[in-house]
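# A structural walkthrough
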Amino acid sequence: MNAVFPGSFDPITSGHMDVLTRAAKIFDHVTVTVMHNARKTGRHLFTLEERLEILREATAHFGNVSVDSFGGLLVDYMRQQQKSIIIRGLRAVSDYEYELQIAHLNRQIGEVETVFIMAATRWSFVSSSMVREIASYGADISEMVPRASANALRRIHADVYAEREAEKVETQLRVDGGMGERG
């Protein structure tokens, strides 16, 4: 049985990877699909091509996962791909209410089923938007995203990361210099 894991993945997080890892154990094949809307151009940090590349790199170790994209209604994509199961990750109860409405709509208009997979508790607070914001300040996001996402975020915010690293080195030099004077 095959399934589709749709999202914007801007970027993919460790929570997404947790859901995908477990979905890949349940289903014969999972297609991670970047859903894009031409009307929302410019609202994403990464371009569609960048998101696809990050996803390909992050999922390369899976034998039964592929990456795709689609612009339009998810149910149309499902019909074209002849797939009938959607994977959705849930972080908290607040996600469930919205996702339940979408699941009912997808079943009503597209005759597809939605399988919800709860993200592990350790990822329940992680969202792509929060990771983007944290990275914009040059903070360590390596635990919150796969390496491909972390590298892409560091490239985009290279100046901030370089400034932060320089501050760390300067602080360490002051500490080391101060200790040398005492000793």
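Structure: above.
Residues numbered from 1 in each chain as written. Predicted model: local features only at pLDDT ≥ 70, side-chain atom pairs only at ≥ 80, totals over all residues. Heavy atoms only, no water.

### Quick notes on the overall build of the protein
- Helices and strands together make up the secondary structure of the protein, namely seven helices and five strands.
- Taken along the three principal axes of its C-alpha coordinates, the protein extends 75 × 30 × 30 Å.
- Expressed as a percentage of the 183 residues in the protein, the buried residues total 41%.
- Within the protein, counting contacts between residues at least 6 apart in sequence, those at least 24 apart form 73% of the total.
- As displayed, the protein has an accessible area near 10,800 Å², and 52% of this comes from carbon and sulfur atoms. (Helix = DSSP H or I, 4+ residues; strand = E, 2+ residues; numbered from the N terminus. Buried < 20%, exposed > 50% of the residue type's maximum accessible area, 1.4 Å probe, protein only. Contact = heavy atoms within 4.5 Å. Areas by Shrake-Rupley, 256 points an atom, 1.4 Å probe, with all protein chains shown as cover.)

### Considerations on the packing of aromatic side chains
- Throughout the structure, instances matching the rule amount to three aromatic pairs.
- Ring geometry for Phe 5 versus Phe 9: centroids 5.4 Å apart, planes at 75 degrees, classification edge-to-face.
- On the accessibility criterion, Phe 5 (3% relative accessible area) is buried.
- Judged by its relative accessible area of 3%, Phe 9 is buried.
- For the pair Phe 70 and Tyr 77, a centre-to-centre distance of 5.2 Å together with 50 degrees between the ring planes defines the contact as tilted.
- For Tyr 77, a relative accessible area of 1% translates into the label buried. (Phe/Tyr/Trp six-rings, centres within 6.5 Å; stacked < 30°, edge-to-face > 60°.)

### Here we look at the packing of helix α3 (residues 74–81) against helix α4 (residues 93–110)
- It is at 10 Å that the axes of α3 and α4 come closest, and there the two elements cross at 50 degrees. One way to sum up the angle between α3 and α4 is to call them oblique. The interaxial crossing formed by α3 with α4 has right-handed handedness. Contact with α3, carried on its side by Leu 74, Val 75 and Arg 79, involves Asn 106, Ile 109 and Gly 110 of α4 and no other residues of that element. (Axes fitted to C-alpha atoms, helices over the stretch in contact; angles between N-to-C directions. Parallel < 35°, antiparallel > 145°, perpendicular 65-115°, else oblique. Left-handed = near helix turned anticlockwise from the far one by under 90°.)

### A short note on the packing of helix α2 (residues 48–59) against helix α6 (residues 147–156)
- Here α2 crosses α6 at 145 degrees, and the two axes come no closer than 8 Å. Between α2 and α6, the residues in contact are Ile 54, Glu 57 and Ala 58 and Ala 148, Ser 149 and Ala 152, respectively.

### A look at the pattern of salt bridges
- For the structure on display, the rule yields seven salt bridges.
- The shortest N-O distance in the salt bridge between Asp 18 and Arg 22 comes to 3.6 Å. Taken together, the residues span about one helical turn, with Asp 18 and Arg 22 both in helix α1 (residues 14–26) at a distance of four residues.
- A relative accessible area of 30% means that Arg 22 is categorised as partly exposed.
- For Asp 95, the salt bridge goes to Arg 91, with nearest N and O atoms at 3.4 Å. (Salt bridge = Lys/Arg side-chain N within 4 Å of Asp/Glu carboxyl O.)

### Quick look at α1
- When the terminal C-alpha atoms of α1 are compared, their 19 Å separation across 13 residues agrees well with the 18 Å that a helix rising 1.5 Å per residue should span.
- Inspection of α1 places Ser 14, Gly 15, Met 17, Asp 18, Val 19, Leu 20, Ala 23 and Ala 24 among the buried residues, and these make up the whole buried set.
- Buried positions along α1 lie against β1 (2–7), β2 (29–35), α2, β3 (65–70), β4 (85–90) and β5 (113–118).
- Two or three places before Gly 15, at the start of α1, stands the capping residue Thr 13, its side-chain oxygen 3.2 Å from that residue's backbone nitrogen. (Expected span 1.5 Å × (residues − 1). Polar contact = N/O pair within 3.5 Å; in protein donor to acceptor, adjacent residues only side chain to side chain.)

### What about the side chain of Thr 59?
- Its location among the elements puts Thr 59 in helix α2.
- Engagement of the side chain of Thr 59 in a polar contact is seen with the backbone oxygen of Leu 55, the distance being 2.7 Å.
- In this view, Thr 59 contacts Leu 20, Val 65 and Val 67; residues no more than four positions away in its chain are not counted.

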